[in-house]
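Secondary and tertiary structure notes
Read off the chains here:
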Amino acid sequence: MSSVIRLFRDPAGGRVESRDFKVFNERSLDRIAAFSRLPEAMRFDMRVVASVLPFRVNEYVIEELIDWSRIPEDPIFQLTFPQRGMLEPEAFERMAQLHRAGADRSEIALLAAELRQGLNPHPAGQLEFNRPRGDDGQIIEGLQHKYRETVLFFPSQGQTCHSYCTFCFRWAQFVGDKELRIASNQATEMLAYLRAHPEVSDLLITGGDPMVMKTRNLAQYLEPLLAPEYESIRNIRIGTKALTFWPYRFVTDADADDLLRLLERMVTAGKNVAIMAHYNHWRELDTPVARAAIRRVRETGATLRSQGPLLAHINDDPDVWARLWREQVSLGIHPYYMFVERDTGARHYFEVPLVRAWEIYRDALRGVSGLARTARGPSMSAGPGKVEIQGVTEFRGEKLLALRFVQARNPEWVQKPFFARYDAEATWLDQLRPPRGEDRFFFEDDSATA
Ligand SMILES: *Cc1c(COP(=O)(O)O)cnc(C)c1O
Ligand code: SF4
């Protein structure tokens, strides 16, 4: 089947040809030409890991973003392809034995389900907490309301991505575990909730990736917000990695122009539309289509902010962040958050100690101008809120970590500085201890943080 080729010409003379969306998963790994040229031992390891952790990658990422002469170190390869170290040795060995023995799919699926349970599929109580209820007391599927001013919405058609990140903290919903799915197709319930909660100024549409939806589906959630009863919703944020994984969404896909017109309509009607773009490496910004996509989104009047986690094997280097932020700023993207990798999935492979994370952040900031110093971080999205590591300090002979909440379940905690004992190894909030002489952190007194 051949499809029509569409051409996009930008005013500066560049041109981008459309591309058919062709995607591979763990069952079609062997059909990726570049993969089949890798050494057999490496391919075996990757098959084993892909049977536990989600794997999905499209041809644009394979052909334009990955540098196949730099395998396995290439950051985009690490970002999308399974690596042996992503499973603990014991888990890897058990799954490897099944593969060696030629086990059938059901046996593999059974062990995969067991191994996934050991990977903390829902960090920071994503399922139990922050689930809003409607008038009838029923939990509203697909909504999360943790911080007063912002509601997260997970439209059911947007619960996948154009490729999967190997470190994804939402990985559990991609491996078909229905119980773990946070999803909704109910625009009406979401809208009713927003009408009942005028304290909410921001609607954050997230996923997966909402940009996998057709424009007409996205419109069904966005357009009603233009009615006067949603005046309290001032900011519509859309979280996406499509600018990296499938920039054609904004340039040459059949409904790309419709999408841009939709964003433009929202902006013209007075909403601030903020695209919260997930980026991990400056290489993601390097292709002509990625740049055309950014330019076209900006032309709608939407703003672009960037966020992404700090990850070993991908971007644990101040120069990578400095260059990422510098290039983003020159393309009109505002750096917003540097996250600490969450305590889930292949975390042990990607984690960076908090002290080291702060050093990378500090050194990256030192290398950029003030315009690029807008990223907050390194920030942990933990149960009590988003906690930022502010630095290492010393008070009366005790070495300490200075921290603060940038977002909190309890609004009174926001911006409150606090301290933890210095710990060069700790990688998450729950590993930190209060300073000498204190038996708990101030936020641990609040029963809501349990
Ligand atoms: C980060 C986050 C938000 C948005 O926080 P901002 O600091 O306003 O960007 C909202 N809800 C949840 C659950 C979050 O993790
Ligand atoms: S784009 Fe976001 S939701 Fe999708 S796999 Fe990557 S981190 Fe997960």
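Everything numeric in this text was worked out from a predicted model, so none of it was measured. (Residues numbered from 1 in each chain as written. Chains lettered and ligands numbered in written order. Predicted model: local features only at pLDDT ≥ 70, side-chain atom pairs only at ≥ 80, totals over all residues. Heavy atoms only, no water.)

**Focus on the pairing of strand β6 (residues 150-153)**
Both faces of β6 are covered, namely the face carrying T150 and L152 and the face carrying V151 and F153. Taken together, the 3 bridges between strand β5 (residues 143-147) and β6 define a ladder with antiparallel strand orientation. Its bridge partner lying in β6, Q144 is registered against L152. The turn linking β5 back onto β6 is made up of 2 residues. (Buried < 20%, exposed > 50% of the residue type's maximum accessible area, 1.4 Å probe, protein only. Helix = DSSP H or I, 4+ residues; strand = E, 2+ residues; numbered from the N terminus. Pairing = 2+ DSSP bridges.)

**Here we look at the pattern of salt bridges**
For the structure shown, the criterion picks out 27 salt bridges. Put simply, D255 and R249 hold a salt bridge, and the shortest N to O gap is 3.1 Å. For D255, a relative accessible area of 14% translates into the label buried. Between R362 and D363 there is a salt bridge whose closest N-O contact spans 3.0 Å. (Salt bridge = Lys/Arg side-chain N within 4 Å of Asp/Glu carboxyl O.)

**Description of helix α10 (residues 256-268)**
Compared with the 18 Å implied by 1.5 Å per residue over 13 residues, the 18 Å span of α10 between its first and last C-alpha is a close match. Looking one or two places after α10, you find G270, whose phi comes out positive at around 105°. (Expected span 1.5 Å × (residues − 1).)

**A word on the packing of helix α8 (residues 215-222) against α10**
As a packed pair, α8 and α10 sit with axes 9 Å apart at the nearest point and diverge in direction by 15°. Regarding the angle of α8 to α10, the classification is roughly parallel. Pair α8 / α10 crosses with left-handed handedness. Where α8 approaches α10, its residues T215, L218, A219 and L222 are matched on the opposing element by D258, L259, L262 and M266. For the contact of α8 with α10, a count of residues per class yields 6 nonpolar, 1 polar and 1 charged. (Axes fitted to C-alpha atoms, helices over the stretch in contact; angles between N-to-C directions. Parallel < 35°, antiparallel > 145°, perpendicular 65-115°, else oblique. Left-handed = near helix turned anticlockwise from the far one by under 90°. Contact = heavy atoms within 4.5 Å. Nonpolar A, V, L, I, M, F, W, Y, C, P; charged D, E, K, R; others polar.)

**Considerations on the packing of aromatic side chains**
The final tally for this structure, using the stated rule, is 25 aromatic pairs. Relative to Y221, the ring of F153 has its centre 5.1 Å away and its plane inclined at 65°; by these criteria the two rings are edge-to-face. Note that F153 is positioned in strand β6 and Y221 in helix α8, a separation of 68 residues in sequence. Both residues of the pair, F153 and Y221, belong to the buried class. Plain terms: the ring middles of W413 and F442 are 6.0 Å apart, the flat faces sit at 90° to each other, and that makes the pair edge-to-face. Of this pair, W413 sits in the loop between β14 (398-408) and β15 (417-421) while F442 sits in the segment after β15, and the two are 29 residues apart along the sequence. Of the residues examined, F442 reaches a relative accessible area of 24% and is grouped as partly exposed. One aromatic cluster is present, built from ring pairs that chain together F405, W413, F418, F441, F442 and F443. A cation over a ring is seen here: K241 above F245, with NZ or CZ 5.2 Å from the ring centre. (Phe/Tyr/Trp six-rings, centres within 6.5 Å; stacked < 30°, edge-to-face > 60°. Lys NZ or Arg CZ within 6 Å of the ring centre and 35° of its normal.)

**Points about the site of ligand 1**
K146, Y147, T150, L152, R237, Y336, Y337, R376, K386 and Q407 make up every residue found near ligand 1. Y336 places a side-chain nitrogen or oxygen 2.7 Å from an oxygen atom of ligand 1. Contact between ligand 1 and Q407: an oxygen atom at 3.2 Å from a side-chain N or O atom of the residue. When ligand 1 sits alone it has 380 Å² of accessible area, and the protein chains cover 88% of it. Those elements giving two or more residues to the shell around ligand 1 turn out to be β5, β6 and β11 (333-340). Across the shell around ligand 1, the residue classes tally to 4 nonpolar, 2 polar and 4 charged. (Near = heavy atom within 4 Å. Polar contact = N/O pair within 3.5 Å; in protein donor to acceptor, adjacent residues only side chain to side chain. Areas by Shrake-Rupley, 256 points an atom, 1.4 Å probe, with all protein chains shown as cover.)

**As for the nonpolar core**
Residues F81, L243, I275 and W325 are the most contacted members of the largest nonpolar core, which totals 121 residues. Residue contributions to this core reach at least three from each of two domains, namely domain 1 (18-117) and domain 2 (121-301). Beyond its immediate chain neighbours, meaning those up to four positions away, F81 contacts L29, I32, M46, F55, V57, I62, I66, W68, M86 and T166. V355, W358, L403 and F418 belong to the second-largest nonpolar core, a separate cluster that totals 21 residues. (Core = buried A, V, L, I, M, F, W, Y, C linked by side-chain atoms within 4.5 Å. Domains from an automatic or database assignment.)

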